[in-house]
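For reference, the chains in residue letters:
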Protein chains: 2
Amino acid sequence: MSFYEKLKFNADGLIPAIVQEQSTGRVLMMAWMNKESLQKTIEVGKTVFWSRSRQKYWLKGETSGHIQVVKDIAFDCDGDTLLIKVEQTGAACHEGYKSCFFRSIRDAGNQFDTTEERLVPPEK
Amino acid sequence: MSFYEKLKFNADGLIPAIVQEQSTGRVLMMAWMNKESLQKTIEVGKTVFWSRSRQKYWLKGETSGHIQVVKDIAFDCDGDTLLIKVEQTGAACHEGYKSCFFRSIRDAGNQFDTTEERLVPPEK
């Protein structure tokens, strides 16, 4: 059975994709795919997302060079979330951090800290 | 500044929460929270989600005992996704696997494999 038959896309035809760095286990980001961007991802071996704000395909790193080479694609029990393991070139986050999750809460959510160093300047 | 002001909940008042096992880096599951379930999570130190299908709060492990003790709560650059690091008791997945992502694709998506052992019988 094709794994596409196991997937449930939402009312907008989208499925969330968690992106994890294979070598370190660091969760880098979450973005959205539709069926076509998932097919492109498998075809080219690099992550291709669907931008909800720009309503277009988005090959991660196309302009910045910060591509993600796909190593594994897993899907969850309900078929409504993807987990994609990659090797990341440079920074996954447009703010210049390796991971988009560069802030953690403290003091019961009243404060938060930046938990990693910026690798490169933020994208314009 | 409170981190709640940095968060963007969707049109249904929900935000996706990626749950990762702190000690192993294994991504266990993704589920949804609203502001109240996030506040409860912080308050009790265990994950509390909002069930979209049942339209109710859901303390993970309340019936199974497979709770998730919260170690860290991070949020992404856009403020629209949470990454929660936990220590997991037993299986995160209702199908009895440690992680809900127990299947990975092969053969360009035409096939998939089960990639981990079942820990406990599936929940009814």
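The structure under discussion appears in the preceding block.
For clarity, every value in this text was computed on a predicted model and none was experimentally measured. (Residues numbered from 1 in each chain as written. Chains lettered and ligands numbered in written order. Predicted model: local features only at pLDDT ≥ 70, side-chain atom pairs only at ≥ 80, totals over all residues. Heavy atoms only, no water.)

A.B. asks: What exactly am I supposed to notice about the interface of chain A and chain B here?
C.D. replies: In many analyses, interface size is given as the accessible surface area lost on bringing the parts together. Of the residues lining the interface, 40 residues belong to chain A; the matching set on chain B comes to 40 residues. Taken together, the two surfaces of chain A and chain B that pack against each other cover about 3,300 Å², and 63% of this comes from carbon and sulfur. The largest contributions to the chain A side of the interface with chain B come from Cys77, Phe101 and Arg103 of chain A, which together make up 19% of the buried area. There are 2 salt bridges connecting chain A and chain B. A salt bridge links Arg52 of chain A to Asp80 of chain B, with the shortest nitrogen-to-oxygen separation between them at 3.7 Å. Linking chain A with chain B are 14 residue pairs in polar contact (both at pLDDT 80 or more). When residues of the side of chain A that touches chain B are traced back to their parent elements, those giving at least two are strand S1 (15-21), strand S2 (27-33), strand S5 (68-75), strand S6 (82-88), strand S7 (103-106) and strand S8 (111-114) of chain A. (Contact = heavy atoms within 4.5 Å. Buried area = accessible area lost by both parts, 1.4 Å probe. Salt bridge = Lys/Arg side-chain N within 4 Å of Asp/Glu carboxyl O. Polar contact = N/O pair within 3.5 Å; in protein donor to acceptor, adjacent residues only side chain to side chain. Helix = DSSP H or I, 4+ residues; strand = E, 2+ residues; numbered from the N terminus.)

A.B. asks: How should I be thinking about the pattern of salt bridges in this particular structure?
C.D. replies: Once their charged atoms are close, side chains differing in charge can pair, the charge on each being opposite to the other. Residue and element names in this part refer to chain A. Evaluation of the coordinates by the stated rule reveals 10 salt bridges over all chains. With a closest N to O distance of 3.7 Å, Arg118 and Glu95 form a salt bridge. With Arg118 in the segment after S8 and Glu95 in the loop between S6 and S7, this pair connects stretches of sequence that are 23 residues apart. Assessed through its relative accessible area of 42%, Arg118 is described here as partly exposed. (Buried < 20%, exposed > 50% of the residue type's maximum accessible area, 1.4 Å probe, protein only.)

A.B. asks: Hey, could you run me through the pairing of strand S7 (residues 103-106) of chain B in this one?
C.D. replies: Regular strands place side chains that alternate from one sheet face to the opposite one. Note that S5 of chain A and S7 of chain B share 2 bridges and pair antiparallel. For Ala74 of chain A, the partnering residue across the bridge sits in S7 of chain B and is Ser104 of chain B. Of the pairings in the sheet, the one linking S7 of chain B to strand S8 (residues 111-114) of chain B comprises 4 bridges and is antiparallel in character. Each residue of the ladder has a partner; that of Arg106 of chain B, found in S8 of chain B, is Gln111 of chain B. (Pairing = 2+ DSSP bridges.)

A.B. asks: Quick question: what am I supposed to make of the sheet that holds S8 of chain B here?
C.D. replies: In any sheet, the strands associate via hydrogen bonds between backbone groups, in a parallel or an antiparallel arrangement. The 6 strands are arranged S2(A)-S1(A)-S6(A)-S5(A)-S7(B)-S8(B) in an open sheet whose pairing can be described as mixed. The open sheet has two free edges, formed respectively by S2 of chain A together with S8 of chain B, since each of these has just one partner strand. With direction set aside, neighbouring strand axes in the sheet form an average angle of 35°. As paired strands, S1 of chain A and S6 of chain A are joined by 5 bridges and run parallel to one another. Counted as the bridge partner of Glu21 of chain A is Val86 of chain A from S6 of chain A. The strands touched by helix H1 (residues 35-44) of chain A are S2, S5 and S6 of chain A together with S7 of chain B; relative to S2 of chain A, the strand with the most contacts, the crossing angle is about 125°. (Axes fitted to C-alpha atoms, helices over the stretch in contact; angles between N-to-C directions.)

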